[in-house]
Amino acid sequence: MNDTERNERIALLRDKFGREPSPPVTAEKRKTLTPDHVEHEQKLRFRGLESGHRACQGCGEALAARLVVESAGPDVMIANATGCLEVFTTPWPESAWRVPWIHSLFENAPAVASGMEAAMKAKGRNTKVLAFGGDGGTYDIGFQALSGMLERYHNILYVCFDNEAYMNTGIQRSSSTPHAAATTTSPAGRERMGKRHLKKDLLSIIAAHHIPYAASASVAFPADLQRKVRYAMGIDGPTFLVVHSPCPLGWQHASAMTIEVARRAVECGLFPVVELERGSVTNIMPIRKVRPVRDYLELQGRFKHLFDADDPRAKIESDHLQALADYNVSVFGLSGAVADPADTAGVTTVRRGGLAGESATGGT
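Residues numbered from 1 in each chain as written. Predicted model: local features only at pLDDT ≥ 70, side-chain atom pairs only at ≥ 80, totals over all residues. Heavy atoms only, no water.

Check the secondary structure of the protein chain and you find 14 helices and 10 strands. Split into buried and exposed, the 364 residues of the protein chain put 53% on the buried side. Residue pairs at least 24 apart in sequence account for 71% of intrachain contacts in the protein chain once pairs closer than 6 positions are excluded. Roughly 16,400 Å² of accessible area belongs to the protein chain as shown, and the carbon and sulfur atoms make up 54% of that amount. (Helix = DSSP H or I, 4+ residues; strand = E, 2+ residues; numbered from the N terminus. Buried < 20%, exposed > 50% of the residue type's maximum accessible area, 1.4 Å probe, protein only. Contact = heavy atoms within 4.5 Å. Areas by Shrake-Rupley, 256 points an atom, 1.4 Å probe, with all protein chains shown as cover.)

Taken as a whole, this structure holds six aromatic pairs when the rule is applied. Their ring planes at 70 degrees and their centres at 6.0 Å tell us that phenylalanine 106 and tyrosine 166 sit as a pair that is edge-to-face. Placement of the pair is phenylalanine 106 in the loop between β2 (101-103) and α6 (109-123) and tyrosine 166 in the loop between β4 (156-162) and α9 (202-207), with a sequence separation of 60 residues. Phenylalanine 106 gets classed as partly exposed once you look at its relative accessible area, which sits at 21%. (Phe/Tyr/Trp six-rings, centres within 6.5 Å; stacked < 30°, edge-to-face > 60°.)

Taken in spatial order, the eight strands of this open sheet run β2-β1-β3-β4-β6-β5-β7-β8, and their pairing is mixed. The sheet is open, and its two edges are formed by β2 and β8 (280-284), each paired on a single side. In this sheet, adjacent strand axes meet at a mean angle of 20 degrees when their direction is disregarded. Looking at chain direction, β4 and strand β6 (residues 239-244) are connected through six bridges and run parallel. The residue bridging valine 159 from the neighbouring strand is leucine 241, located in β6. (Pairing = 2+ DSSP bridges. Axes fitted to C-alpha atoms, helices over the stretch in contact; angles between N-to-C directions.)

Looking at the element boundaries, threonine 258 is found in helix α12 (residues 258-268). Note: C-alpha distance between threonine 258 and valine 219 (39 residues apart in sequence) is 8.8 Å. Filtering out sequence-adjacent residues up to four positions away, threonine 258 remains in contact with Gly58, Gly60, Pro246, Pro248 and His253. A polar side-chain atom of threonine 258 sits 2.5 Å from the main-chain carbonyl oxygen of glycine 58. (Polar contact = N/O pair within 3.5 Å; in protein donor to acceptor, adjacent residues only side chain to side chain.)

A few words now on the pattern of salt bridges. Summed over the entire model, instances satisfying the criterion amount to 20 salt bridges. The partner of arginine 47 in a salt bridge is glutamate 50, with the nearest N and O atoms 3.1 Å apart. The partly exposed category is assigned to arginine 47, whose relative accessible area is 28%. Measuring nitrogen to oxygen at the nearest pair gives 3.2 Å for the salt bridge that ties arginine 291 to aspartate 295. Within this structure, Glu260, Arg263, Arg264, Glu267, Arg291, Asp295 and Glu298 form a network of salt bridges that share partners. (Salt bridge = Lys/Arg side-chain N within 4 Å of Asp/Glu carboxyl O.)

In this model, the protein chain carries an average pLDDT of 89, and 87% of its residues clear a pLDDT of 70 or more. Predicted confidence is poor over residues 353-364, with pLDDT under 50, and the contacts of this stretch with residues over four places away or in other chains come to 34 contacts. (pLDDT = per-residue confidence, 0-100.)

Time to look at the layout of surface pockets. Where empty space is left becomes clear once a probe the size of a water molecule has been rolled over the atoms. Roughly 680 Å³ of internal volume is contained in the second largest pocket. For the second largest pocket, the lining is made up of 28 residues, of which Lys199, Asp201, Leu270, Pro272 and Asn328 are closest to its centre. Within the residue set of the lining of the second largest pocket, elements represented by two or more residues are α9, β6, β7 (274-277) and α14 (312-332). If you tally residues by element for the lining of the second largest pocket, the top one is α14, at six residues. The residue makeup of the lining of the second largest pocket, split by class, is 19 nonpolar, five polar and four charged. (1 Å grid on protein atoms, 1.4 Å probe; cavity = no way out; pocket = protein on both sides within 12 Å on 5 of 7 lines; lining within 4 Å. Points joined across faces, edges and corners; volume = space filled by probe spheres on them. Nonpolar A, V, L, I, M, F, W, Y, C, P; charged D, E, K, R; others polar.)

Let's shift gears to the nonpolar core. Across soluble globular proteins, nonpolar side chains show a tendency to be buried alongside one another. If you look at the biggest cluster of nonpolar residues, it comprises 60 residues, and the most contacted ones within it are Phe132, Phe161 and Leu241. If you tally residues by element for this core, the top one is helix α4 (residues 60-72), at seven residues. Other than its neighbours up to four places away in sequence, phenylalanine 132 contacts Val68, Val69, Ile78, Ala79, Asn80, Ala81, Leu85, Trp97, Ala109, Tyr158, Val159 and Phe161. Counting residues in hydrophobic clusters, the runner-up holds 30 residues, among them Leu150, Ile156, Phe240 and Leu334. (Core = buried A, V, L, I, M, F, W, Y, C linked by side-chain atoms within 4.5 Å.)

We now examine the packing of α6 against helix α8 (residues 143-151). Running from N to C, α6 and α8 cross one another at 35 degrees; their axes reach a closest spacing of 7 Å. Here Pro110, Ala111 and Ser114 of α6 lie close against α8, whose contacting residues are Ala145, Leu146 and Met149.

To continue, consider the environment of valine 68. Among the structural elements, valine 68 can be located in helix α4. For valine 68, a relative accessible area of 0% corresponds to the buried category. Not counting chain neighbours up to four residues away, the residues in contact with valine 68 comprise Phe132, Val159, Phe161, Leu225 and Val229.

This is the structure in structure tokens:
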């Protein structure tokens, strides 16, 4: 597919499915936002996940969960699997949640959510049920319950906060952990270069259930994430969202670099941001300038062994990851040929200080 064909395909998908990007807050608009106006807007905004929880500094999952719940609104109920999100938001007897919330086991959040949805239906209530899980409770332990929930066609939005390992229990590898990443159960050393297996393509497996809507998103692009939540909330039937959520502790990057790490994962192609309906791709986030994978790997200690110039295996594994990213870029047609208001440099991105605005790379 050449650049012209790719751009025509993107335009066709947007025209057909109405996937227009949220308008960015321009520099001119931001100048008009007085402190009083910003404070007023903050008071009006619904916050389903309150501050004061016990997440690690720079936690991508905490940001992702807050964005999801703010976008979903107050008329929701949440079933939350065991994991980081459950632990740092509800240390007994405290809770950071401002909506009905229930803690389920690691493996059965989708089953608990199914019961909640059935109860609301029996009561004639339109309250939307959400189910939350990490990659351990979604890709691995809870996958059977998730598949059943989707097959039974429950009206539930399931959100997976993907930090690519079992962070809550000691940074063990999961089936979401990328190839060659070092964890406590896939250490890098003489015997192997980190995890030997590929990251599970969960989104394709979910899409194979032919549910109304499934998508991927990243904490680096909050407007895109929030638009997808709002779209999924309006669908009667099972929907699924996987949100790439960097973990400074497990990924071994600086707390202040969470958003930059997340952005580079998308810009190199290792984490494609796409939308699917009934199993077919209906929209993508184009990459204005595709980065080499090493730009993403170099910020993380879990990949530091891939930069050992004296170990010939390092280049082999690094090239392997680059090939995986190149495949994603090719198969989804992610490389944008021209500037696009919905590409990685044009879509509204998160900025320091909590405001959303133009991308630091110059998009508007």
